Amino acid sequence: MIFKFIREKGHIVDLILLVCLAFFLVFWGWNFAVQFFTLITAAFIILRRINYEKHIWLKRILLTGFGIVAVSFVIIEALVFTQLGSKDTEQADYVIILGSGIKGTELTLTLQQRLDASLEYIRSHPQIPVIVSGGQGPGESIPEALAMRNYLVDQGIDPARITMEDRSTTTQENLAFSKKILDVAGIEHPEIMIVTSDYHMFRAKYIAAKNGYAAEYGISAPSPGYLKPINMIREYFGTIKALLYLFIH
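Bear in mind the structure is a predicted one, so any value in this text is a computation, not a measurement.

About the cut-offs
All chains use their own residue numbering, which begins from 1 and follows the written sequence. Thresholds applied to this predicted model are a pLDDT of at least 70 for local features of residues and 80 or more for the giving and counting of side-chain atom pairs; totals over whole chains, interfaces and linings are not thresholded and use all residues. To obtain the side-chain values, all non-hydrogen atoms of the structure were included, while hydrogens and water were left out. Relative accessibility under 20% of the residue-type maximum defines a buried residue, over 50% an exposed one, and the middle range a partly exposed one, all with a 1.4 Å probe and only protein chains included. Helix and strand labels come from DSSP, where a helix needs a run of H or I of at least four residues and a strand needs a run of E of at least two; each type is numbered from the N terminus. Here a strand pair is declared whenever DSSP counts at least two bridges between the two strands. Orient the strands so they point away from the viewer, and a crossover whose first-strand-to-second-strand path over the helix runs clockwise is right-handed. The span expected for a helix works out to 1.5 Å for each residue beyond the first. Note on definitions: angles span 0 to 180 degrees between N-to-C directions of axes, and those axes are lines fitted to C-alpha atoms, for helices only across the stretch in contact. Each angle gets one of four labels, with under 35 degrees taken as roughly parallel, over 145 as roughly antiparallel, 65 to 115 as roughly perpendicular, and the rest as oblique. Should the near helix be turned anticlockwise from the far one by less than a right angle, the crossing is termed left-handed; should it be turned clockwise, right-handed. Here, residues are in contact when the closest pair of their heavy atoms is within 4.5 Å. Note on residue classes: Ala, Val, Leu, Ile, Met, Phe, Trp, Tyr, Cys and Pro are nonpolar, Asp, Glu, Lys and Arg are charged, and everything else, Gly too, is polar.

(A) Seen up close, the pairing of strand β7 (residues 215–221). Taking burial as the measure, the 7 residues of β7 include 6 buried ones, the bulk of the element. Sheet analysis places strand β6 (residues 191–197) next to β7, joined by 7 bridges and oriented parallel. Bridging from a neighbouring strand, Ser197 pairs with Ala221 of β7. Chirality of the crossover, the property in question, places the unit of β6, helix α7 (residues 201–210) and β7 among those that are right-handed.

Here is the structure:
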């Protein structure tokens, strides 16, 4: 019944999707959720117009592709779930807190949650230095690292303990540029405590391992439940991108 409706009245669904897309663009801008919805809309509009009885080969290719995506999605999401509750207590050489965007000079909720999650460990290990990692992107008046440092100092953390890595714009750069700071400091094969969002921890640890850290421990910051579904979907694409990048390089 649903497929019959789509065949006969699909243009109505097209219109609804396009109106929703326009609404989302106006109110949310070009963020990942809107980009993903755009992809779904474009796929629906294009795929529903194909005569699959006539193009059997195309139907087989699409079904194979959907199958590969479905299986890989389940595998990657299972791996992501293994790190959602990370709260390691091991002694590390450095704490590395990964950035997650600011608005002007103000922390986003996600970034503040990461910083808050780090405080217990930082305070209980006063001898361990901290790297705050994050560059300056669109809509940001200062580098994320500076905003992160200011927040930690406001929470009573000694500014002398904090090093800013303020050039990175991706997780790969977060960990690669932080590694260069440790190399310059003469720390070989460093063991690090990564602090990032729960859904992001698996990818962060994987990228850290590929960047030559001796050990990668983690403290997962909680993330808002209402954002969890879209964040988990984004992690799928982010992990695929990381796997391809590190495989090529």
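Structure's up, so let's keep going.
(B) Helix α3 (residues 56–81), seen in detail. The end-to-end C-alpha distance of α3 is 37 Å, a good match for the 38 Å that 26 residues give at a rise of 1.5 Å each. Among the residues of α3, Ile76, Glu77 and Val80 are the ones counted as buried.

(C) Summary view of the packing of helix α4 (residues 109–124) against helix α5 (residues 144–154). For the pair α4 and α5, the least separation of the axes is 11 Å and the interaxial angle reads 45°. As summarised for this structure, α4 and α5 are arranged oblique, according to the angle between their axes. Of the two possible hands of crossing, α4 and α5 adopt the one that is right-handed. Across from Leu111, Gln112, Leu115, Asp116, Ser118 and Leu119 in α4, the residues of α5 making contact are Met148, Tyr151 and Leu152. Here the residues of the contact of α4 with α5 are counted per class, giving 6 nonpolar, 2 polar and 1 charged.

(D) Here's a closer look at the environment of Thr108. Mapped onto the elements, Thr108 comes out in the loop between β3 (106–107) and α4. Thr108 gets classed as buried once you look at its relative accessible area, which sits at 17%. Counting along the chain gives 98 residues from Thr108 to Tyr206, while the straight-line C-alpha distance between them is 25 Å. Beyond its immediate stretch of four places on either side in the chain, Thr108 contacts Ser100, Gly101, Ile102 and Lys103.

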